[in-house]
Amino acid sequence: MDLVLHACFNVSYIEGASSPWLIPKIPVAKVTNWEFTTLLDIPSLILINCHIPPEFQKKWRLLFSSQVHGENFAKFVSNIKNQGPSVLMIKDKDDHVFGVFAADSWKLNPDFYGTHRSFLFTLAPTVGVYQSTGINDHYMYLNQGQATLPNGLGVGGQLNYFGLWMERDNYGVGHSKAEPTCTTFNSPQLSGKPDFEIEVLEVWGVGPEPGEDVDADEDISILDRDPGAEALLELAGKPRASHGLRDKQNDNTPDQHDLPRDQYKTVEG
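The structure contained in this document is the topic of the report that follows. (Residues numbered from 1 in each chain as written. Predicted model: local features only at pLDDT ≥ 70, side-chain atom pairs only at ≥ 80, totals over all residues. Heavy atoms only, no water.)

What about the overall build of the protein?
Okay, step 1: The number of helices and strands found in the protein is 6 helices and 14 strands.
Okay, step 2: Here the protein holds 269 residues, and the buried ones make up 46% of them.
Okay, step 3: The long-range fraction of contacts in the protein, counting pairs at least 24 apart against all pairs at least 6 apart in sequence, stands at 59%.
Okay, step 4: When the accessible area of the protein is evaluated, it comes to approximately 13800 Å², of which 49% is carbon and sulfur surface. (Helix = DSSP H or I, 4+ residues; strand = E, 2+ residues; numbered from the N terminus. Buried < 20%, exposed > 50% of the residue type's maximum accessible area, 1.4 Å probe, protein only. Contact = heavy atoms within 4.5 Å. Areas by Shrake-Rupley, 256 points an atom, 1.4 Å probe, with all protein chains shown as cover.)

Encoded structure:
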């Protein structure tokens, strides 16, 4: 149980409290257009977020949604290139939801690249996270305009036999090959059928935006420093109690009003 708690929650110890506060690892989301329905629900968000590296967990920002930006591969690539690590999700026409955490920026490259921190996952109808096996380094592939190489976005496996693949020249078509599993991630077939059609495509950039100063928020309240806390309050429909109540001095000790007891459940020691 301790392993589950520490994997899925930030555990904060407040002086004088009889037990620790458990704050789900829910990031702040930056979206400029809420006129769409995300593929994420709260359990899925927590699942993915607790598996990505800690330095990327606090902020998510929408890079692309087929519901917002249209069904166009060129627009899709333009929105996700050079944006740092990202979470890409697909819902196929068989209602399977799956995707990849890409630990590096997407960039046009005729070769595989990336690091072992990338992973594949499924969210529906089964839930699973599939991490690197170390057998090969075929983590990320994005190519277009090549006559002799596959043109599209791929993750894992090998050329023309990817763990996850989206075609460039025929938007909305892809495949997930695994017989019995993808060698790069030991993942099964992610989609309903080996060759699938995309119903919804969604990509979120995670962590600081490229060029953002990650140390610029030192003199802020505990809810600012821990976006999970603020997001939890907002999702619960609770007002943020610490607005306008900051101490003018740079004091790292949170005031009592920063973490009101009635907002969180506690675990008895």
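Still to come is the rest of the account.
Quick look at the pairing of strand S8 (residues 119-124)
Okay, step 1: A large share of S8 lies buried, amounting to 5 of its 6 residues.
Okay, step 2: By the bridge criterion, 5 bridges tie strand S6 (residues 97-102) to S8 in an arrangement that is antiparallel. Paired with Phe-101 across the bridge in S8 is Phe-119.
Okay, step 3: In terms of strand pairing, S8 meets strand S9 (residues 128-131) through 4 bridges, oriented antiparallel. Within S9, the position partnered with Phe-121 by the bridge is Val-129. (Pairing = 2+ DSSP bridges.)

Some thoughts on helix H4 (residues 73-80)
Okay, step 1: Where H4 is concerned, the buried positions are Phe-73, Phe-76, Val-77, Asn-79 and Ile-80. The buried residues of H4 occupy an angular sector of 165° when the element is viewed end-on, so they sit on one face.
Okay, step 2: Where H4 starts, the residue carrying a side-chain oxygen 3.0 Å from the main-chain nitrogen of Ala-74 turns out to be Asn-72.
Okay, step 3: At the exit of H4 stands Asn-82, carrying a positive phi of roughly 55°. (Arc of directions from axis to C-beta. Polar contact = N/O pair within 3.5 Å; in protein donor to acceptor, adjacent residues only side chain to side chain.)

Comments concerning unusual backbone geometry
Okay, step 1: The amide bond that connects Ala-124 to the next residue, Pro-125, takes the cis arrangement and shows omega of 0°.
Okay, step 2: Positionally, Pro-125 belongs in the loop between S8 and S9.
Okay, step 3: Across the junction of Glu-179 and Pro-180, the peptide omega takes the value 0°, indicating a cis bond.
Okay, step 4: Looking at the secondary structure, you find Pro-180 in the loop between strand S13 (173-175) and strand S14 (195-206).
Okay, step 5: Phi angles above zero are rare outside glycine, and Asp-95 is one such case at about 65°.
Okay, step 6: We note that Asn-160 has phi near 70°; this positive angle belongs to a residue other than glycine.
Okay, step 7: Assignment of secondary structure puts Asn-160 in the loop between strand S11 (152-158) and strand S12 (161-167).
Okay, step 8: On the accessibility criterion, Asn-160 (57% relative accessible area) is exposed.

Notes on the pattern of salt bridges
Okay, step 1: If you walk through the whole model with that rule in mind, you get 6 salt bridges.
Okay, step 2: For Lys-193, the salt bridge goes to Asp-94, with nearest N and O atoms at 2.9 Å. Here Asp-94 lies in the loop between strand S5 (86-92) and S6 and Lys-193 lies in the loop between S13 and S14, a separation of 99 residues in the sequence.
Okay, step 3: Accessibility expressed as a relative area gives 44% for Lys-193, which makes it partly exposed. (Salt bridge = Lys/Arg side-chain N within 4 Å of Asp/Glu carboxyl O.)

With respect to the packing of aromatic side chains
Geometry of an aromatic ring pair is reported as the spacing of the ring centres plus the angle between the planes.
Okay, step 1: As enumerated under the stated definition, the model contains 12 aromatic pairs in all.
Okay, step 2: Summarising the aromatic geometry, the rings of Tyr-141 and Phe-162 are spaced 5.6 Å apart at their centres and angled 45° between planes, so their arrangement reads as tilted. Of this pair, Tyr-141 sits in strand S10 (residues 140-143) while Phe-162 sits in strand S12, and the two are 21 residues apart along the sequence.
Okay, step 3: Classification of Tyr-141 by relative accessible area gives buried; the value is 0%.
Okay, step 4: A relative accessible area of 0% places Phe-162 in the buried class.
Okay, step 5: Each ring, one from Phe-162 and one from Trp-165, has its centre 4.6 Å from the other, and the planes form 10°; the classification is stacked.
Okay, step 6: Note on Trp-165: relative accessible area 6%, which makes it buried.
Okay, step 7: Pairwise contacts between aromatic rings join Phe-112, Tyr-141, Phe-162 and Trp-165 into one cluster. (Phe/Tyr/Trp six-rings, centres within 6.5 Å; stacked < 30°, edge-to-face > 60°.)

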